[in-house]
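# What the coordinates show
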Amino acid sequence: MNNNKKIWSTLIFSALTSIIMVSLSTTVSANVWPSAGALDLIKSTCPSGPNQHQELTQLKKEIAAAESLKQARTMALAPTDDAIDALKNARTMMPFSDDLRTAETRLNDARSRIMLASSQEQVADEFDGMMLAGLDNDRAAHVNIGSGGCDYSTGELIAIAIGLILGIIPGLILLIVLC
């Protein structure tokens, strides 16, 4: 009976991974990057600083210009929460991945800093700091500027795929955070 559970778990994992990768390929090529395949996007370089993804830079500007602190937090937390959800979903498939566990902890820490921010500008700064410095409270960046690319584990690829399915911003957050 235990072998049947293992077989079913393996089959379900394989099916989910295939569905995610096919969905990612369709979503990415149809909506955002018409010339890039899903794996090309995931294997792309990890920009930081002024070379961030335009979507993240635009969102930071919108957060800073929000009418209220509550609205700024909502704008920053929605994609952050989706990225955390993507990591949680990936961890159900890869429960022993230290990289996913660490990324989830770091995203939760960034979420806490966003919640503690006292102005729209500070919320935007915390959101931007999450992208610039690998979520570690604006200490040394985890990404070498101008690096040739990122090496993602299977679990990280699954998390990124889930993040991109949930939305482009959560997917981009995970591309950078997991790099």
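One structure accompanies this document, and this report is about it. (Residues numbered from 1 in each chain as written. Predicted model: local features only at pLDDT ≥ 70, side-chain atom pairs only at ≥ 80, totals over all residues. Heavy atoms only, no water.)

### Concerning the overall build of the protein chain
The following threshold applies: Each helix is a run of DSSP H or I of at least 4 residues and each strand a run of E of at least 2, with the numbering of both proceeding from the N terminus. Relative accessible area decides the class of each residue, using a 1.4 Å probe on protein chains only: under 20% of the type maximum gives buried, over 50% gives exposed, and in between gives partly exposed. Whether two residues are in contact is decided by their heavy atoms: any pair within 4.5 Å suffices. For accessible areas, the Shrake-Rupley method is used with a probe of radius 1.4 Å. Any residue's cover is judged against the shown protein chains and nothing else.
A tally of regular secondary structure across the protein chain gives eight helices and zero strands. Walking the protein chain from its N terminus toward its C terminus, one meets helices and strands in the order α-α-α-α-α-α-α-α. In the protein chain, buried positions account for 41% of the 179 residues. The contacts of the protein chain with a sequence gap of at least 6 include a subset with a gap of at least 24, amounting to 69%. By element, 54% of the accessible surface of the protein chain is carried by carbon and sulfur atoms, the whole surface being about 9,500 Å².

### Side note on helix H8 (residues 168-177)
Where burial is concerned, most of H8 is hidden: nine out of the 10 residues are buried. By the burial criterion, the buried members of H8 are Ile169, Pro170, Gly171, Leu172, Ile173, Leu174, Leu175, Ile176 and Val177.

### Focus: the environment of Met93
By secondary structure assignment, the location of Met93 is in helix H4 (residues 69-93). Met93 sits in the buried class, given a relative accessible area of 17%. Residues Met93 and Ile158, spaced 65 residues apart in sequence, show a C-alpha to C-alpha distance of 8.5 Å.

### Let's talk about the packing of H4 against helix H5 (residues 98-116)
Stated formally: Orientation is described by lines fitted to C-alpha atoms, with helices fitted over the stretch in contact, and by angles between N-to-C directions that extend from 0 to 180 degrees. Note on angle classes: values under 35 degrees are labelled roughly parallel, values over 145 roughly antiparallel, values of 65 to 115 roughly perpendicular, and the remainder oblique. Note: crossing handedness is left-handed where the near helix turns anticlockwise from the far helix by less than a right angle, and right-handed where it turns clockwise. Three classes are used: nonpolar for Ala, Val, Leu, Ile, Met, Phe, Trp, Tyr, Cys and Pro, charged for Asp, Glu, Lys and Arg, and polar for all others, with Gly counted as polar.
Viewed as axis vectors pointing N to C, H4 and H5 meet at an angle of 165°, and their least axial separation amounts to 10 Å. Our classification of the angle between H4 and H5 gives roughly antiparallel. Relative to H5, H4 is oriented so that their crossing is left-handed. Taking contact as the criterion, the partners of Arg73, Ala76, Leu77, Thr80, Asp81, Ala83, Ile84, Leu87, Lys88, Ala90 and Arg91 in H4 are, on H5, Leu100, Arg101, Ala103, Glu104, Leu107, Asn108, Arg111, Ile114, Met115 and Leu116. A breakdown of the residues in the contact of H4 with H5 according to their chemical character gives 12 nonpolar, two polar and seven charged.

### Quick word on the nonpolar core
Side chains of a nonpolar character, in soluble globular proteins, are inclined to be buried together. To keep it simple, the criterion reads: Nonpolar core, defined: a set of buried Ala, Val, Leu, Ile, Met, Phe, Trp, Tyr and Cys residues in which side-chain atoms within 4.5 Å join the residues together.
Grouped together as the largest cluster of nonpolar side chains are 38 residues, with contacts concentrated most on Ile63, Leu87, Leu107, Phe127, Ile173, Leu174 and Leu178. Residue assignment for this core shows that the elements contributing at least two residues are helix H3 (54-64), H4, H5, helix H6 (120-132), helix H7 (154-166) and H8. Top contributing element to this core by residue count: H4, with nine residues. Non-local contacts of Leu178, meaning those with residues more than four positions away in its chain, are made with Leu87, Asp99, Ala103, Tyr152, Glu156, Ala159 and Ile160.

### Some remarks on the pattern of salt bridges
The condition is simple: Any Lys or Arg side-chain nitrogen located within 4 Å of an Asp or Glu carboxyl oxygen qualifies as a salt bridge.
Under the defined criterion, the tally for this structure stands at five salt bridges. A salt bridge links Asp81 to Arg111, with the shortest nitrogen-to-oxygen separation between them at 2.5 Å. Of the two residues, Asp81 sits in helix H4 while Arg111 sits in helix H5, which places them 30 residues apart along the sequence. A salt bridge links Glu104 to Arg91; the shortest N-O distance between them is 2.9 Å.

### Structural notes on the packing of H5 against H8
Each pair of packed helices gets described by two things: the angle between the helix axes and the distance between those axes. Closest axis-to-axis distance for the H5/H8 pair is 11 Å, and the angle between their directions is 115°. As H5 packs across H8, the resulting crossing turns out to be right-handed. Residues Ala103, Arg106 and Leu107 of H5 pack against Ile173, Leu174 and Val177 of H8. Residue classes in the contact of H5 with H8 are distributed as five nonpolar, no polar and one charged.

### With respect to H3
What counts here: As used here, the arc is the angular range of directions from the helix axis to the C-beta atoms.
Where H3 is concerned, the buried positions are Leu56, Leu59 and Ile63. One face of H3 carries all of its buried residues, which in axial projection span an arc of 60°. Across from the buried face of H3, at angles greater than 90 degrees, the exposed residues are Gln54 and Lys61.

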